[in-house]
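# Architecture at a glance
One-letter residues, chain by chain:
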Amino acid sequence: MFKQFKTFAHGCSFAALLTIAAAGAPGSAGAETVLRIAMTAADIPRTLGQPDQGFEGNRFTGLTMYDALTLWDLSSATKASTVIPGLATEWAVNADDKTKWTFKLRPGVTFHDGSPFNADAVVWNVDKVLRQDAPQYDASQVGVTASRMPTLKSARKIDDLTVELTTKEPDSFLPINLTNLFMASPAKWQKLFDAAQGADAKAKAAAAWDGFSRDASGTGPWKMARFVPRERLELVKNESYWDKARVPHVDRMVLLPVPEANARTAALLSGQVDWIEAPAPDAVAQIKQRGFVIQANEQPHVWPWQFSRVEGSPWNDIRVRKAANLCIDRDGMKDGLLGGLMAPATGTVEPGHPWRGNPTFQIKYDLKAGQALMKEAGFGPDKKLKVKVQTSASGSGQMLPLPMNEYLQQALSECYFDVQLDVIEWNTLFTNWRRGAKDPSANGANAINVTYAAMDPFFAMVRFLQSGMAPPVSNNWGYINNPKFDELVAKARQTFEPEARDRALAELHAASVDDADFLYVAHDVGPRALSPKIKNFVQPKSWFVDFSPVTLQ
Amino acid sequence: MLAYISRRIVYVIPIVISVALVCFLLVHLAPGDPLVAVLPADASQELAAQLRAAYGFDRPLPVQFGLWVWKALHGDLGTSIATGRPVLSEVMRAVGNTIMLALAAALIGFTLGLAFGLLAGYFRGRWIDRLATAVAVAGVSVPHYWLGIVLVIVFSVQLNWLPAVGAGPGGSSDWAWDWTHLQFLVLPALTTAAIPMGIVTRTVRALTGDILSQDFVEALRAKGLRETGVFRHVLRNAAPTAMAVMGLQLGYMLGGSILIETVFSWPGTGLLLNSAIFQRDLPLLQGTILVLALFFVFLNLLVDIAQASIDPRIKRS
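The text that follows walks through the structure, step by step, so that each part is easy to find. Predicted model only: the values in this text are computed from it and were never measured.

## Digging into the overall build of chain A
Looking only at helices and strands, chain A has 18 helices and 22 strands in total. Dimensions of chain A along its principal axes, counting C-alpha atoms only, are 75 × 70 × 45 Å. Per-residue burial over chain A gives 60% buried out of 553 residues. Contacts spanning at least 24 positions in sequence make up 69% of the contacts within chain A whose residues lie at least 6 apart. On chain A, roughly 20,500 Å² of surface is accessible, and the fraction owed to carbon and sulfur atoms is 51%. Averaging the positions of the 60 positive and the 60 negative side-chain charges in chain A gives two centres separated by 2 Å.

## Details of the pattern of salt bridges
Residue and element names in this part refer to chain A. Inspection of the entire model under this criterion finds 32 salt bridges over all chains. With its nearest N and O atoms 2.6 Å apart, the salt bridge here joins Glu 277 to Arg 59. Of this pair, Glu 277 sits in strand E11 (residues 275–277) while Arg 59 is found in helix H3 (residues 54–62), placing the two residues 218 residues apart along the sequence. Arg 59 matches Glu 277 in its accessibility class, with the two residues each being buried. Across the pair Glu 234 and Arg 252 runs a salt bridge whose closest N-O atoms are separated by 2.7 Å. Separated by 18 residues along the polypeptide, Glu 234 in strand E9 (residues 232–237) and Arg 252 in strand E10 (residues 252–257) bring together distant segments of the chain. When sorted by exposure, Glu 234 lands in the same class as Arg 252, which is buried. Each of Glu 32, Arg 226, Arg 232, Glu 234 and Arg 252 takes part in one network of salt bridges that share partners.

## A short note on the sheet that holds strand E4 (residues 88–93) of chain A
Residue and element names in this part refer to chain A. Read across the sheet, 4 strands follow the order E4-E5-E7-E6 without closing on themselves; strand pairing throughout is antiparallel. With one partner strand each, in any of the chains shown, E4 and strand E6 (152–159) form the two edges of the open sheet. Going from strand to strand, the sheet's axes swing by 20 degrees on average, the running direction of each strand aside. Two elements, E4 and strand E5 (residues 100–105), share 5 bridges in a ladder whose sense is antiparallel. Within E5, the position partnered with Glu 90 by the bridge is Lys 104. Along the sheet, helix H4 (residues 119–130) contacts E5, E6 and strand E7 (162–167); its crossing angle with E6, the most-contacted strand, is approximately 160 degrees.

## Structural notes on the state of the cysteines
All names here are of chain A. Enumeration over the complete set of coordinates arrives at 1 disulfide over all chains. Here Cys 327 is linked by a disulfide to Cys 415, with a sulfur-sulfur distance of 1.5 Å. Taking the torsion about the S-S bond as the criterion, the Cys 327 to Cys 415 disulfide, at about -65 degrees, is left-handed. Residue Cys 327 is found in the loop between helix H11 (318–326) and helix H12 (330–337), and its partner Cys 415 is found in the loop between helix H14 (401–413) and strand E16 (417–424); the two are separated by 88 residues along the sequence. Owing to a relative accessible area of 2%, Cys 327 belongs among the buried residues under this scheme. Looking at Cys 415, the relative accessible area reads 0%, which means it is buried.

## Some details on the nonpolar core
Trp 275, Trp 305, Trp 315, Met 374, Leu 412, Phe 417 and Leu 519 of chain A are the most contacted members of the largest nonpolar core, which totals 121 residues. When residues in this core are grouped by element, the largest group, 7 residues, is from helix H16 (residues 457–465) of chain A. Excluding its chain neighbours within four sequence positions, the residues that come into contact with Phe 417 of chain A are Trp 315, Val 320, Ala 324, Met 374, Lys 384, Leu 385, Val 387 and Leu 412 of chain A. By size, the runner-up hydrophobic cluster in this structure holds 58 residues, among which are Leu 47, Ala 276, Leu 290 and Leu 292 of chain B.

## A few points about the sheet that holds E9 of chain A
All names here are of chain A. Strand order in the open sheet formed by 7 strands is E8-E9-E10-E1-E11-E20-E12, with mixed pairing between adjacent strands. Only two strands of the sheet have a single neighbouring strand rather than two, namely strand E8 (222–228) and strand E12 (293–295). Strand-to-strand twist in this sheet, taken as the mean axis angle between neighbours without regard to direction, amounts to 20 degrees. One ladder, built from 2 bridges, connects strand E1 (residues 34–39) with E11; its direction is parallel. Among the inter-strand pairings, Ile 37 is bridged to a residue of E11, identified as Trp 275. Lying over the sheet, helix H9 (residues 261–269) contacts E1, E11 and strand E20 (528–530), oriented at roughly 170 degrees with respect to E11.

## Examining the packing of helix H4 (residues 87–122) of chain B against helix H5 (residues 127–141) of chain B
Residue and element names in this part refer to chain B. Two elements in contact, H4 and H5, have axes separated by 8 Å at closest approach and are oriented at 145 degrees. Judged by the sense of rotation from one axis to the other, the crossing of H4 with H5 is left-handed. Seen from H4, the contacting residues are Phe 116, Leu 119 and Ala 120; seen from H5, they are Ile 128, Asp 129, Ala 132 and Val 135. Considering only residue class, the contact of H4 with H5 consists of 6 nonpolar, no polar and 1 charged.

## Overview of the packing of aromatic side chains
In this structure the tally under the stated criterion is 33 aromatic pairs over all chains. A ring pair is formed by Phe 24 of chain B and Trp 68 of chain B, whose centres lie 5.5 Å apart and whose planes are at 35 degrees; its orientation type is tilted. In this pair, Phe 24 of chain B is assigned in helix H1 (residues 2–29) and Trp 68 of chain B in helix H3 (residues 61–73), connecting sequence segments 44 residues apart. With a relative accessible area of 9%, Trp 68 of chain B lands in the buried category. Taken together, the ring pairs in this structure connect Trp 426, Phe 430, Trp 433, Tyr 452, Phe 464, Phe 518 and Tyr 520 of chain A into an aromatic cluster.

## Remarks on the pairing of E8 of chain A
All names here are of chain A. Pairing analysis gives 6 bridges linking E8 to E9, with the strands arranged antiparallel. Residue Val 228 lies in a different strand from E9, and its bridge partner there is Arg 232. Connecting the antiparallel pair E8 and E9 is a turn made up of 3 residues, with Arg 230 showing a positive phi of about 70 degrees.

## Re helix H17 (residues 483–493) of chain A
Residue and element names in this part refer to chain A. Residues of H17 that are buried: Phe 485, Leu 488, Val 489, Ala 492 and Arg 493. For H17, the arc enclosing every buried residue in end-on projection is 135 degrees, short of the 170-degree limit, so these residues lie on one face. Of the exposed residues in H17, those oriented more than 90 degrees away from the buried face are Pro 483 and Glu 487. Residues of H17 that are buried make contact with H16 and helix H18 (498–514). If you check the start of H17, you find a side-chain oxygen 3.0 Å away from the backbone N of Lys 484, and it comes from Asn 482.

Reading the values: rules and limits
Residues numbered from 1 in each chain as written. Chains lettered and ligands numbered in written order. Predicted model: local features only at pLDDT ≥ 70, side-chain atom pairs only at ≥ 80, totals over all residues. Heavy atoms only, no water. Helix = DSSP H or I, 4+ residues; strand = E, 2+ residues; numbered from the N terminus. Buried < 20%, exposed > 50% of the residue type's maximum accessible area, 1.4 Å probe, protein only. Contact = heavy atoms within 4.5 Å. Areas by Shrake-Rupley, 256 points an atom, 1.4 Å probe, with all protein chains shown as cover. Lys, Arg positive; Asp, Glu negative; His and termini not counted. Charge placed at Lys NZ, Arg CZ, Asp CG, Glu CD. Salt bridge = Lys/Arg side-chain N within 4 Å of Asp/Glu carboxyl O. Pairing = 2+ DSSP bridges. Axes fitted to C-alpha atoms, helices over the stretch in contact; angles between N-to-C directions. Disulfide = S-S within 2.5 Å. Core = buried A, V, L, I, M, F, W, Y, C linked by side-chain atoms within 4.5 Å. Left-handed = near helix turned anticlockwise from the far one by under 90°. Nonpolar A, V, L, I, M, F, W, Y, C, P; charged D, E, K, R; others polar. Phe/Tyr/Trp six-rings, centres within 6.5 Å; stacked < 30°, edge-to-face > 60°. Arc of directions from axis to C-beta. Polar contact = N/O pair within 3.5 Å; in protein donor to acceptor, adjacent residues only side chain to side chain.

Shown next as C-alpha cells:
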C-alpha cells in the first residue's frame, strides 16, 4: 500500500518539483552488452512460470527463464521445429498401460535460487495446475496450461531422477504438450509461502505466487534481474545454465511492452530499442532503407475460414469448399496487401513438415477451375452463393483481418460468391468460437475467421476435426463429423513411436486438405525488425526463438 | 462557504453510487466471456466452470455487485484476471504516471493558453490575434494521436532528440527529476497539452475582449491606472473561468488519453484501460473506471469550491 501511495505522491508532487528539476548525468551500461526488445504485448507476460498472452508469453517469459521436460529445437531456419529433450533426457510409454509414461530427468540441473531440479519438482509443478487441493495450486495458471495438455492427469515420483506421468487416455501427443509446462522452483515458492502474511493457506499461496512473479526462479538460460510491472522486465544471462551451448552471449536482455506497431517502429528507428516484434507493415520499406534487418519465417499458424458443416450450410458441398480454396490469389495478397509478411497456406502445415502428407487436392490459385466447380454446383454470375463470415477488426494472430477479408470478398466474388462480413469485437469472436455454428451468437454466419496455432497435433488438427470436439467440448465450431477423421485421430493418438505417429498425423492432414475443411489462406511469418548490430540470430519455423546465440556488435 | 461546501459534498454521494453501478453493469453487459484472458478458446466446460467459480463469476450479478462494493469500500478492488496482481496497486501506479503527465500537460496548456488568449484578446483583429487563434483552432482540431505521431517522427525518428516510448530509462519506478527522465515526458506532455491549450486560448481571448469592453475598465483607465494595473484586473476577472475550463480539462486528462498513452507507451491509466479492454480483464476494467470516475467527480468538486472561493457570486447563486 505504501508503494502505491509513494507512486501516487510522485505524480502529485510533480508540479512543485518540475521547477527544481536539475540536469543529471545519464547512466552508463559500461561494458555490459544489453539487448533491448519491444514486444507487441500490452503488458509483461506473466513471469511466474505459466505465461499468459499466448505464445508471445512463452517466447519471452517462458522459454527464457524456464525450461520444460521437453523443448523445441529452435536451431534451424529451414527445418520444421521438432521436440527435443529438455529437462527430461528420455521418455517412454509403459508397454502394458499406455496411459503411463516414464520420464528420466536430467541430472545436475539447479534452479536459479540454487535448489535442485528433481522428480519432486516435476510432481510439484504438475500439481500446481492439476491438483486443486495442492497448496501451490493456482487457478490463474490453469487456463493457459491445462488446455495445452488436455489428457495429463497426474505425476508420481519414482526416484529422484525418474517420474511417472499418467494421462486420462492413451495419448502419444503428451511429449509435445509438455513443452508448455514450465518448471518453477518449489523451494523458492515455499520460502515465499512461509514468509507470506495471510489469514489462511489460500491467501498465503496467492501472496507467494505474487512474490514469485516478482522474483522468479526457473532453470532457464536467463534469470530475472528487474521487473517493473507493465513497463519492463530485465533478464541477465544464467552463467551456470545446464546446456553450455545455450548460455546466452548477451549479458542483459530488456523486454518492453509496446503494443502499438508505429510506436515500436519509432522506438527502433530512434535507437531506443534494438529489436521490435511485428513492425508496422507499411514501415517495412523505411526500416530496411535505414539499414535494419527484417526477419520472417513461416510459423505454425493458420489464418483460415473455418466452415460450418451444420445442416443447410452452403459449405456442405465439397465443390463449393474446393472452389473457394482455388479462387484466392495468395501470392497477390502476400506481395500486395501484406508487403511480403505472410506465407501462402495450402493446408495446416506446408511441404517439408512431418505432418504434411500427400494431399491429392492441390490448394493453389486456379480461377478457371474454381469457377468450373461453382458452375457444377449450380452457381454462376447471375446466381451467386451467399455466404457469411464472422470475423473481428483486430486480435492476436489475426494479422490484418478487415483488409484481408475484404480481399477475400473481392476474390471470391469472381467465383460467384456473395460474401457478407459480420465484424465483431475480438474477444466476443473468441467466445463465439467456443459456442459453435449452431449457437445464436454465430448470427447466421456459416464460416468463422479465427487464427490458430498449429504447433501440436491437438491444437493443429484434432480439436477441429474430431467429431467429439464439437461445442461445447472444444473448437470444432462447424460440427465436422467425419468417421474417417475420428479413426485417424484415434490412430495418431495411440501410435507411440514418434515417426509412426507423425505418419498417422500426415494421413489425417492430407485427408483434411482433400476434404477442403477450411479456406486455407495464410500463415503468419512472425516478422521482427532487428538492428544491424545484432548477429547470429536464427529465425526458426516456430512461434519461439532462441535468444542464447544472439550477439551484439 | 461551509454550507456551500457541505451541499456540494452531499450532491456527490448519489453521483458516486451511480458511477459504481454503471461501471459495474457496463462491463458485465458487454458480450464475450469475462475469463477470456485466462481461458483458452478450447477450454473444456469443466475447466471453464472451475475457473468461473474460482473468480466468482458464477454468482448472480447483484451478489457480485454487492461483494464488489463491499470490498471496494475496504480498499480492495479485486485481483486482475490477467496478471494476478491487486487491481488497486495496478490502478494507483498508473494514476501516478497519468497525474505526472496530466500536470505537465496542464502546466504547458494553461501557460500557453493564457498567454495566447490574453495576447489575442488585447490585440483583437491584429496579426497576433489571428496567429494565436490559428494555433488554438489547430490545438483543438488536430487529432492528438496524429500530433503525437508527427512529434515522434520529427523529434525521435528524424532528429533523435527525444525518446519515442516509455516513462523513463528504467521504467517509472526509478523516476528522478533530471533530464534523463524528464525527456520521456516532453513529447507526450506536449501532445496532451494541445487541446487544453486551444480551449483556454479561445476562452481567455473571448473573456479578455469582453472585459476590456466593460465600463469599469474605462473607469480604471480614467482614474489614471497604468496599463499593467488594468491588466491585473483583466487577469483577475478572467482567471476563475479559465481555471474552471482548465479544471475540466485536467479531469479529462486524468482520465488518461488511451490514444496518447498508447502512442507513447506511457504507463498511465489510458494504457491500463486499453490493456484491460484488450485482455477483457473485468476486475481491472471496473477498478480503473471507478477510480477515474471518482477522480473526475472530486476534481469537479474541488474546482467548484476553488471557483467559489475566488468569486463570491458563485456561492451566493
